[in-house]
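# A closer look at the structure
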Amino acid sequence: MPTAHSRGPWDPGAQHGGAPAALLAEAVREPGMHVARLTYDFVGPVPVDRPLRIETRLVRPGGRLQLVEADLLLDDGAPVVRLRAVRLRRGDVGGLPDPGDDGSPAGGPDAAEASEFPLEAPDAPGFHRTAMEIRFAGGTSYGRGPAQTWFRFARPLVDVDEPSPLALVVAAADFGNGVSRILDFERHLFVNTDLTIHLRREPAGKWAMLDARTRVEPLGVGLAASTLYDERGAIGLSAQSLYVAER
């Protein structure tokens, strides 16, 4: 059952996409396998006031590569978020080249600062306010333009369980279009209809960072793309297709 801490900024009755995305990410983890790609389709608004359940299916079993699907369903069985994930076998491979320094371009989270989310009272509950701690680096903020933003969970995702680093990175990745916005909230909608994440290694630690940029086109679509980091360095990429419209 969701709480008000899952709410998003677009509709007071609907969740932020990062909340159900993180929940489904936890559902597709598997011992001995690395979740290399996650593709989410947001097929309907995820309500804050209705119970939800998850169904998972192993579409392609295998020792080296697996394809798994997970649906987030309303109490009447209607799907609201669908995930297809690729899992790859973990192993030790020798003889690889040195990847070089891929640390964060903005330093660590201790050097970053909070930025107030526009339009809402500071104490309003929501995933972007009370479920996540958000700090901006590199001189960026919630203002318009590219952003370098650190995230960590401010509360457990489910009950008192510690969220996984994978769930954290997924939750953070869904903020790409919001933190790197180039449009005003008051005049335009710019809502992501999907989210795709590629992870070249497993995330670690309690902080994740996005180096995010958004582009929009006059025909009413856009793309938000982010490089993903943990405190050790770069871990992957994410992208969101955007629906853009005047209010």
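Here we summarise the structure given alongside this text. As the structure is a prediction and not an experimental result, all values here were calculated from the model. (Residues numbered from 1 in each chain as written. Predicted model: local features only at pLDDT ≥ 70, side-chain atom pairs only at ≥ 80, totals over all residues. Heavy atoms only, no water.)

## What about the overall build of the protein chain?
Within the protein chain one finds 4 helices and 11 strands. In terms of overall dimensions, the protein chain is globule-like: its C-alpha atoms have a radius of gyration of 18 Å, near the 18 Å expected for 247 residues. Principal-axis analysis of the C-alpha atoms gives the protein chain an extent of 50 × 45 × 40 Å. Within the protein chain, the proportion of its 247 residues that are buried is 47%. A separation of at least 24 residues holds for 67% of the contacts in the protein chain among residues at least 6 apart in sequence. Counting only carbon and sulfur atoms, one obtains 52% of the accessible surface of the protein chain, whose full area is about 12,100 Å². (Helix = DSSP H or I, 4+ residues; strand = E, 2+ residues; numbered from the N terminus. Rg over C-alpha atoms; globule rule 2.2 N^0.38 Å. Buried < 20%, exposed > 50% of the residue type's maximum accessible area, 1.4 Å probe, protein only. Contact = heavy atoms within 4.5 Å. Areas by Shrake-Rupley, 256 points an atom, 1.4 Å probe, with all protein chains shown as cover.)

## Quick look at the packing of aromatic side chains
Throughout the structure, instances matching the rule amount to 5 aromatic pairs. Look at Tyr40 and Phe42: their rings are 6.4 Å apart centre to centre, the planes differ by 10°, and that puts the pair in the stacked class. Note on accessibility: Tyr40 and Phe42 belong to one class, buried. The interplanar angle of 40° and the centroid separation of 4.8 Å between the aromatic rings of Phe151 and Phe175 together place this pair among those described as tilted. Of this pair, Phe151 sits in strand β6 (residues 147–153) while Phe175 is found in the loop between α3 (165–173) and α4 (176–179), placing the two residues 24 residues apart along the sequence. Considered together, Phe151 and Phe175 belong to a single accessibility category, that of buried residues. An aromatic cluster is defined as three or more aromatic residues linked by ring pairs; in this entry it consists of Phe127, Phe151 and Phe175. (Phe/Tyr/Trp six-rings, centres within 6.5 Å; stacked < 30°, edge-to-face > 60°.)

## So, helix α1 (residues 18–27)
Burial analysis of α1 places 7 of its 10 residues in the buried class, the great majority of the element. By the burial criterion, the buried members of α1 are Gly18, Ala19, Pro20, Ala21, Ala22, Leu24 and Ala25.

## Brief notes about the environment of Glu113
Relative to the helices and strands, Glu113 resides in the loop between β4 (79–89) and α2 (127–131). Measuring from C-alpha to C-alpha, the distance between Glu113 and Tyr229 comes to 17 Å, with 116 residues separating the pair along the chain. Those residues in contact with Glu113, other than ones at most four positions away along the chain, are Arg135 and Phe136.

## Quick notes on the pattern of salt bridges
A full pass over the atoms with the stated rule returns 18 salt bridges. For Asp110, the salt bridge goes to Arg135, with nearest N and O atoms at 3.9 Å. Taken together, the residues Asp110 in the loop between β4 and α2 and Arg135 in strand β5 (residues 132–137) connect sequence positions 25 residues apart. Since its relative accessible area comes to 74%, Asp110 is described here as exposed. Judged by relative accessible area, which is 17%, Arg135 ranks as buried. A salt bridge links Arg187 to Glu246; the nearest nitrogen and oxygen atoms lie 3.3 Å apart. One end of the pair, Arg187, is in the loop between α4 and β7 (188–192); the other, Glu246, is in strand β11 (residues 233–246), with 59 residues separating them in the sequence. (Salt bridge = Lys/Arg side-chain N within 4 Å of Asp/Glu carboxyl O.)

## Description of the environment of Ser238
With respect to the helices and strands, Ser238 occurs in strand β11. In this structure the C-alpha to C-alpha distance between Ser238 and Phe42, which are 196 residues apart in sequence, comes to 15 Å. Not counting residues within four places of it along the chain, the set of residues in contact with Ser238 comprises Ala173, Leu195, Thr196, Ile197, Ala224, Ala225, Ser226 and Leu228.

## Regarding unusual backbone geometry
Residues other than glycine seldom take positive phi values, yet Asp159 does so here, at roughly 50°. Mapping Asp159 onto the fold places it in the loop between β6 and α3.

## Quick look at the nonpolar core
With 53 residues, the main nonpolar core has Leu38, Tyr40 and Met132 as its most contacted residues. Top element by residues in this core is α3. It accounts for 8 residues. Counting 8 residues, the second largest nonpolar core, distinct from the first, contains Ala106, Ala112, Ala137 and Tyr229. (Core = buried A, V, L, I, M, F, W, Y, C linked by side-chain atoms within 4.5 Å.)

## Looking at the side chain of Arg7
Within the secondary structure, Arg7 sits in the segment before α1. Looking at Arg7, its side chain comes within polar contact range of the main-chain oxygen of Pro125, at 2.6 Å. (Polar contact = N/O pair within 3.5 Å; in protein donor to acceptor, adjacent residues only side chain to side chain.)

All we've got here are geometric facts, nothing functional implied.
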